[in-house]
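Spelled out from the first residue to the last, the chains are:
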There are 2 protein chains.
Amino acid sequence: MSHLAKKGCRNTRNLDESARKVILKKRLASLCKQAEELSILCDIKVGMVAFTPGETKAFSWPCLTQTNATINEYLACDEAKQQIKLFTQETYLQRKVDAREKYIGKIEQTAKEKEMENLFNQLAWGKSIQELDARETKGLLKLFEAKQTKLNERKTKLNEHVDENVLNQNGVNDSNAGEENDGNP
Amino acid sequence: MSHLAKKGCRNTRNLDESARKVILKKRLASLCKQAEELSILCDIKVGMVAFTPGETKAFSWPCLTQTNATINEYLACDEAKQQIKLFTQETYLQRKVDAREKYIGKIEQTAKEKEMENLFNQLAWGKSIQELDARETKGLLKLFEAKQTKLNERKTKLNEHVDENVLNQNGVNDSNAGEENDGNP
DNA sequence: GAGACTATACTTAGTAC
DNA sequence: GGTACTAAGTATAGTCT
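To keep things clear, this report deals only with the structure shown in the data block. Note that this is a predicted model, so its numbers are computed, not measured.

1. What to know about the overall build of chain A
Part 1 of the argument: Check the secondary structure of chain A and you find seven helices and two strands.
Part 2 of the argument: Contacts spanning at least 24 positions in sequence make up 32% of the contacts within chain A whose residues lie at least 6 apart.

Written out as structure tokens, the structure is:
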């Protein structure tokens, strides 16, 4: 027995990894013990999380599942709710939301386009232009515009050599729409 | 001074609310002190959450924002990740994901329907049935089916009094589709 | 309510098994 | 690596200001 170190001192100068591991285990245990005592004594919920950054395994108290439940309850608290937005930006759940949100934007656009193309076709089939509401009209105008732009690009490319024959062969739908169909068929 | 109670004893028999509040504060402080000491000594991250169920304000350590960050990191750990699915089912973020997922399902269906209606109209406009792929063909068949069902319902309602005149007046689109357009126009 | 005090009980680092 | 021990150090309930 070396009498160089005093017993019970909280010096902890020698920080070799193995010793630190022992200390960690001991104190973590007593920390949890105190937490449990307090939670029983004062009838509160306590959750604890501890981990060394970089490691995949995390320590949690009272246990993984219960700590998660406690954390969820905690996150549901008003105060936490206001803050959580700022700090969950990078969690996998938030990323999931973001990704889905992006997808929704895309698919909504697609649906809108399809609806307009649809209306466009229905117009040709006999649906009266009087039946369209403001949104539909706006969308259709946009579609007309797009089709016209496309057509104009094509015209420029063909550089004045476009005649009715070419239009009839390659662009039945487009040419019908953009220029001649101002009213009902 | 009443000498009935010993100093420093952890009996805590008298649990009147005000005394308990004092105890809670004291011990919570020391608990955090120990947690901090440990986190520095062993270079680990510690997060703590404590609250009385039912109250809106939660206690957290080291502070609300940092605890949230720690919890997020903790949730990102592999071990927690596997479990979290089961226990975040009811959190607002998961609910958000669920709601969006539901919406996506709905809008995807809408888009698909619109696309099919579109194809249907395009067919009438001259697109060859040879150009359709398997998915489109399947979707169109479904659309035809739906339209035919709708038509049959109408027919039943009118109960044998339906003649060509009525069809021409009320159901131009539907009647054209469901029965006569088996090939190209 | 919030500090300061204090006797008592508890925790802890180091050590030995 | 785990348990048991112990001296030194710390936390705590009660009390007073």
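2. Comments concerning the pairing of strand E1 (residues 45-51) of chain B
Part 1 of the argument: With respect to burial, E1 of chain B is a largely interior element, six of its seven residues being buried.
Part 2 of the argument: Pairing between strand E1 (residues 45-51) of chain A and E1 of chain B: seven bridges, direction antiparallel. Directly across from methionine 48 of chain A, in E1 of chain B, lies its bridge partner methionine 48 of chain B.
Part 3 of the argument: The pairing of E1 of chain B with strand E2 (residues 59-61) of chain B spans three bridges and is antiparallel.

3. Quick notes on the pattern of salt bridges
Residue and element names in this part refer to chain A.
Part 1 of the argument: Per the counting criterion, the structure on display carries six salt bridges over all chains.
Part 2 of the argument: Glutamate 17 is the salt-bridge partner of arginine 20, the closest N and O atoms lying 2.8 Å from each other. Of this pair, arginine 20 and glutamate 17 both sit in helix H1 (residues 17-41), separated by three residues, roughly a single helical turn.
Part 3 of the argument: Look at arginine 20 and you get partly exposed, because its relative accessible area is 22%.
Part 4 of the argument: With a relative accessible area of 54%, glutamate 17 lands in the exposed category.

4. A short note on the packing of H1 of chain A against helix H1 (residues 17-41) of chain B
When two helices pack together, their arrangement is given by the angle between the helix axes and the distance between those axes.
Part 1 of the argument: Contact geometry for H1 of chain A and H1 of chain B: axes closest at 10 Å, N-to-C directions at 165 degrees. Comparing the axis directions of H1 of chain A and H1 of chain B gives the class roughly antiparallel. The two elements H1 of chain A and H1 of chain B meet at a crossing, and its hand is left-handed. Residues Arg20, Ile23, Leu24, Arg27, Leu28, Ser30, Leu31, Gln34, Ala35, Glu37, Leu38 and Leu41 of chain A of H1 of chain A pack against Arg20, Ile23, Leu24, Arg27, Leu28, Ser30, Leu31, Gln34, Ala35, Glu37, Leu38 and Leu41 of chain B of H1 of chain B.
Part 2 of the argument: Here the residues of the contact of H1 of chain A with H1 of chain B sort into 14 nonpolar, four polar and six charged.

5. Let's talk about the environment of lysine 33 of chain A
Part 1 of the argument: Within the fold, lysine 33 of chain A resides in helix H1.
Part 2 of the argument: Taking the C-alpha atoms as reference points, lysine 33 of chain A and tryptophan 61 of chain A, separated by 28 residues in sequence, lie 10.0 Å from one another.

6. Here we look at H1 of chain B
Part 1 of the argument: Over its 25 residues, H1 of chain B runs 36 Å from end to end, which matches the ideal 36 Å to within 8%, given 1.5 Å per residue.
Part 2 of the argument: Of all the residues in H1 of chain B, the buried ones are Leu24, Arg27, Leu28, Leu31, Cys32, Ala35, Leu38, Ser39 and Leu41 of chain B.
Part 3 of the argument: For H1 of chain B, the elements touching its buried residues are H1 of chain A together with E1 and E2 of chain B.
Part 4 of the argument: Just downstream of H1 of chain B lies aspartate 43 of chain B, where phi reads positive at about 55 degrees.

7. Re the sheet that holds E1 of chain A
For sheets, the rule is that strands pair by backbone hydrogen bonds, running either parallel or antiparallel.
Part 1 of the argument: Taken in spatial order, the four strands line up as E2(A)-E1(A)-E1(B)-E2(B) in an open sheet, and their pairing is antiparallel. Strands at the two margins of the open sheet, each flanked by one partner only, are strand E2 (59-61) of chain A together with E2 of chain B. When the angles between neighbouring strand axes are averaged without regard to direction, this sheet yields 10 degrees.

8. Examining the environment of valine 49 of chain A
Residue and element names in this part refer to chain A.
Part 1 of the argument: Within the element layout of this structure, valine 49 appears in strand E1.
Part 2 of the argument: Here valine 49 falls in the buried class, since its relative accessible area comes to 2%.
Part 3 of the argument: On a C-alpha basis, the gap between valine 49 and asparagine 68 in space is 9.6 Å, while along the polypeptide they are 19 residues apart.

9. A closer look at unusual backbone geometry
All names here are of chain A.
Part 1 of the argument: In this structure, the amide linkage connecting tryptophan 61 to the following residue, proline 62, adopts the cis form with an omega of 10 degrees.
Part 2 of the argument: You can see proline 62 is positioned in the loop between E2 and helix H2 (64-76).
Part 3 of the argument: Even without being glycine, aspartate 43 reaches a positive phi, approximately 55 degrees.
Part 4 of the argument: Looking at the secondary structure, you find aspartate 43 in the loop between H1 and E1.

Rules and cut-offs
Residues numbered from 1 in each chain as written. Chains lettered and ligands numbered in written order. Predicted model: local features only at pLDDT ≥ 70, side-chain atom pairs only at ≥ 80, totals over all residues. Heavy atoms only, no water. Helix = DSSP H or I, 4+ residues; strand = E, 2+ residues; numbered from the N terminus. Contact = heavy atoms within 4.5 Å. Buried < 20%, exposed > 50% of the residue type's maximum accessible area, 1.4 Å probe, protein only. Pairing = 2+ DSSP bridges. Salt bridge = Lys/Arg side-chain N within 4 Å of Asp/Glu carboxyl O. Axes fitted to C-alpha atoms, helices over the stretch in contact; angles between N-to-C directions. Parallel < 35°, antiparallel > 145°, perpendicular 65-115°, else oblique. Left-handed = near helix turned anticlockwise from the far one by under 90°. Nonpolar A, V, L, I, M, F, W, Y, C, P; charged D, E, K, R; others polar. Expected span 1.5 Å × (residues − 1).

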